[in-house]
Each structure stands twice: as structure tokens, then as C-alpha cells.
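Residues per chain are reported as follows:
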Amino acid sequence: MIYLKTPEEIELMRKACDLTSRTLGEMAKWVKPGVTTHKIDSVAKEFILDNGGRPACLGYGGFPGAVCIEVNETVVHGFPSTYSLREGDIVGLDVVVELDGFNGDMCYTFPVGQVDEKVLALMKTTKESLYKGIEACREGGRIGDIANAVQTYVERRGYSVVREMCGHGIGRKMHEDPEVPNYGRRGTGPLIKNGMCIAIEPMINLGSRNIVIESDGWTCRTRDRKPSAHYEHTVAVLGGETHVLTTFDYVKEVLGESYI
Ligand code: MF3
Ligand code: CO
């Protein structure tokens with residue numbers, strides 16, 4: 001069941017997404033060699049709570065962190081841990097914030113210091129594919145249009161799309177209908193309507209698309225242990241236009257010249 005939102009509800013979504021974006025900006029300040037992923041998790045948790053929000057991942061289906069942290073071959077749902085970031089790593093920070101009953105969801109994959117050119121190119125293409133997906137999200141179109149835009153963009157450049165994990169509707173719940181896959185055919189899937197709020201989140205691998213879920217039941221990694229990149233925005237369709245409710249502006253401020 002797809003819950004279409006009123007303009008008033010989308011205004012609340014916007015506020016939740018703003019706090020989500022600011023949280024990611026705070027986390028970005030800690031992305032450097034020697035910092036544990038647990039530290040980044042506590043920075044996020046404190047910032048969210050101080051600003052009247054709730055870290056929605058914490059306790060979700062038993063998830064142990066305030067946020068998901070995805071180092072190198074981790075695709076999604078990594079646990080914050082005692083692992084210290086190393087020069088050359090990449091790290092995806094995926095954060096969901098609930099504020100006044102609505103959720104914002106976003107992810108950014110960061111380089112830690114100097115990163116291999118090939119991996120940087122994967123990150124850049126993955127981020128670009130997110131914007132291709134957003135462009136293809138048009139009132140009157142279909143979810144498959146988004147899926148196809150992402151898939152075409154990344155596969156043409158030799159990368160592969162994770163199939164088992166998808167974007168999703170979002171609102172009062174972090175995960176609502178519809179599913180928003182990153183592969184598929186144009187003109188298929190649910191109709192995109194005014195009031196629809198979705199999280200678009202390409203998860204793209206340098207090597208093969210195959211994944212493995214670790215024995216903790218959560219951590220999703222590439223089977224070949226090659227790196228994976230992940231970027232995500234929450235968007236709303238309102239008045240025939242697609243509005244991106246989350247922003248990377250705060251991340252950009254922190255990264256300065258290294259923002260790609
Ligand atoms: N933000 C992620 C998602 O896309 C992960 C949430 S899973 C959780 O949809 F359990 F950690 F909350
Ligand atoms: Co999501």
C-alpha cells in the first residue's frame with residue numbers, strides 16, 4: 001500500500017530530511033584515518049537526539065547502531081564497530097532520522113584520505129547514477145523509469161547493480177511501499193503520483209553484483225570483496241515536480257576541495 005502524502009505532510013518530511021542532512025554533515029567531520037566507526041555512530045546519535053529527532057535505525061529489527069556504516073566491500077547494513085578507518089578506505093554513512101513522526105533517509109560514500117582512482121571513479125559514477133534516477137522520477141512516470149536510468153548509467157560504465165537491496169517508499173515509516181529497485185525496465189512498476197515520497201539509493205559494485213549476508217544476519221558485502229558504493233536521497237513528488245528533500249550541501253561544506 002502506497003501512502004501518498006499531503007503538502008503539509010511533505011513539509012514535515014522536509015524538516016526530517018533537513019535534520020538528516022545536517023546529521024550527515026556532522027558525521028562527515030569525523031571521516032579520517034584512525035577514527036572508529038563507533039565514534040561516527042555516537043556523533044550521529046548525539047546530534048540527532050540533541051535536535052529532537054530519533055535515530056530510526058537503532059533497534060529497527062534489532063539493528064544495533066544509530067546508523068549503518070559501510071566500509072569498502074560492505075554494501076549496506078554494516079554495524080558500527082571498533083574498526084578504525086584507514087587511509088584508502090571508502091566508507092558509506094547511511095542515516096535515517098525520525099522527526100515529528102516522519103523519516104528522512106540518506107547515504108553518502110566518503111573517501112578516507114587518498115583513495116585508488118578506480119574506486120573514486122566507482123563512487124563518482126554511483127553518485128551520478130543517483131541523480132540520473134532522480135531525473136527519471138517524474139509525476140506520471142513509472143518506478144521502472146528510475147530503476148532503468150540507474151542501471152543503464154552504471155552498467156554502461158562497467159559497474160554492476162546490487163539486485164537484492166532496493167530503494168523504498170518513506171514517510172511515517174522508514175520503509176514503505178513501493179520498492180524502488182536499481183535495475184529494471186522503463187514503463188514498468190507503480191505509477192509515480194503527486195504525494196509520493198521515496199528513497200532512491202543505488203548500491204553499485206566495482207566487481208560482480210553478487211552479495212553475501214554475514215553471519216550477524218545484517219552486514220551485506222560483495223561476494224568478491226571488491227568495493228561497493230552507495231548514495232541515497234529522499235525525494236517527494238509534489239505539484240507535478242520532484243523535490244529532493246535531503247541535501248549533500250553540509251557534506252560539501254565539510255569536504256571542501258575533496259568533494260567529488
Ligand atoms: N537506510 C537504510 C535503508 O535503506 C538502512 C536501514 S536498515 C536498519 O533503507 F535496520 F539499519 F535500519
Ligand atoms: Co533507504
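Each remark here, short or long, concerns the structure printed above.
Residues numbered from 1 in each chain as written. Chains lettered and ligands numbered in written order. Predicted model: local features only at pLDDT ≥ 70, side-chain atom pairs only at ≥ 80, totals over all residues. Heavy atoms only, no water.

A.B. asks: So what exactly am I meant to see when it comes to the state of the cysteines here?
C.D. replies: Formally, a disulfide is one covalent bond, and it connects the sulfur atom of one cysteine to the sulfur atom of another. With the rule as written, the count across this model stands at 0 disulfides. Cys-17 forms no disulfide, and the closest cysteine sulfur to it belongs to Cys-197, at a distance of 7.9 Å. No disulfide involves Cys-137; its sulfur sits 9.9 Å from that of Cys-197, the nearest cysteine. Here Cys-137 falls in the buried class, since its relative accessible area comes to 3%. (Disulfide = S-S within 2.5 Å. Buried < 20%, exposed > 50% of the residue type's maximum accessible area, 1.4 Å probe, protein only.)

A.B. asks: Mind showing me how you'd approach the pattern of salt bridges here?
C.D. replies: Between side chains of opposite charge, pairing is possible as soon as their charged atoms come close. One pass over the full model with this rule turns up 9 salt bridges. A salt bridge links Lys-5 to Glu-176; the nearest nitrogen and oxygen atoms lie 2.7 Å apart. Here Lys-5, found in the segment before helix H1 (7-28), pairs with Glu-176, found in strand E8 (residues 176-180); they are 171 residues apart in sequence, far enough to count as distant. When sorted by exposure, Lys-5 lands in the same class as Glu-176, which is buried. Between Glu-9 and Arg-172 there is a salt bridge, with the nearest N and O atoms lying 3.9 Å from each other. Of this pair, Glu-9 sits in helix H1 while Arg-172 sits in the loop between strand E7 (167-169) and E8, placing them 163 residues apart in sequence. (Salt bridge = Lys/Arg side-chain N within 4 Å of Asp/Glu carboxyl O. Helix = DSSP H or I, 4+ residues; strand = E, 2+ residues; numbered from the N terminus.)

A.B. asks: How should I be thinking about helix H4 (residues 143-156) in this particular structure?
C.D. replies: Three- or four-residue spacings in an α-helix give side chains the same orientation, since the helix completes a turn every 3.6 residues. Taking 1.5 Å per residue as the helical rise, H4 with its 14 residues ought to reach 20 Å, and the 20 Å between its terminal C-alpha atoms agrees with that figure. Counting buried positions along H4 yields 11 of 14 residues, so the element is predominantly enclosed. When H4 is considered as a whole, its buried residues turn out to be Ile-143, Gly-144, Asp-145, Ile-146, Ala-147, Asn-148, Ala-149, Val-150, Gln-151, Tyr-153 and Val-154. Tucked inside the fold, the buried residues of H4 contact helix H3 (117-135), strand E6 (160-161), E8, strand E9 (197-200) and strand E10 (203-205). Gly-158 occupies a position one or two residues after H4 and carries a positive phi of about 90°. (Expected span 1.5 Å × (residues − 1). Contact = heavy atoms within 4.5 Å.)

A.B. asks: Looking at this structure, I do not really get the site of ligand 1. What am I missing?
C.D. replies: Every one of the 14 residues lining ligand 1 counts as a neighbour, but Asp-94, Asp-105, His-168, His-175 and Glu-201 are closest to it. Contacts to ligand 1 include Asp-94, whose side-chain N or O atom sits 2.8 Å from a nitrogen atom. Here a nitrogen atom of ligand 1 sits 3.1 Å away from a polar atom, N or O, in the side chain of Asp-105. Burial of ligand 1 by the protein amounts to 97% of the accessible area it has alone, namely 330 Å². A molecule is said to occupy a pocket when more than half its atoms come within 2 Å of that pocket's grid points, and by this definition ligand 1 occupies the largest pocket. Residues of the shell around ligand 1, tallied by class, amount to 7 nonpolar, 3 polar and 4 charged. (Near = heavy atom within 4 Å. Polar contact = N/O pair within 3.5 Å; in protein donor to acceptor, adjacent residues only side chain to side chain. Areas by Shrake-Rupley, 256 points an atom, 1.4 Å probe, with all protein chains shown as cover. 1 Å grid on protein atoms, 1.4 Å probe; cavity = no way out; pocket = protein on both sides within 12 Å on 5 of 7 lines; lining within 4 Å. Sits in = over half its atoms within 2 Å of the grid points. Nonpolar A, V, L, I, M, F, W, Y, C, P; charged D, E, K, R; others polar.)

Purely geometric stuff here, so don't read any function into it on its own.
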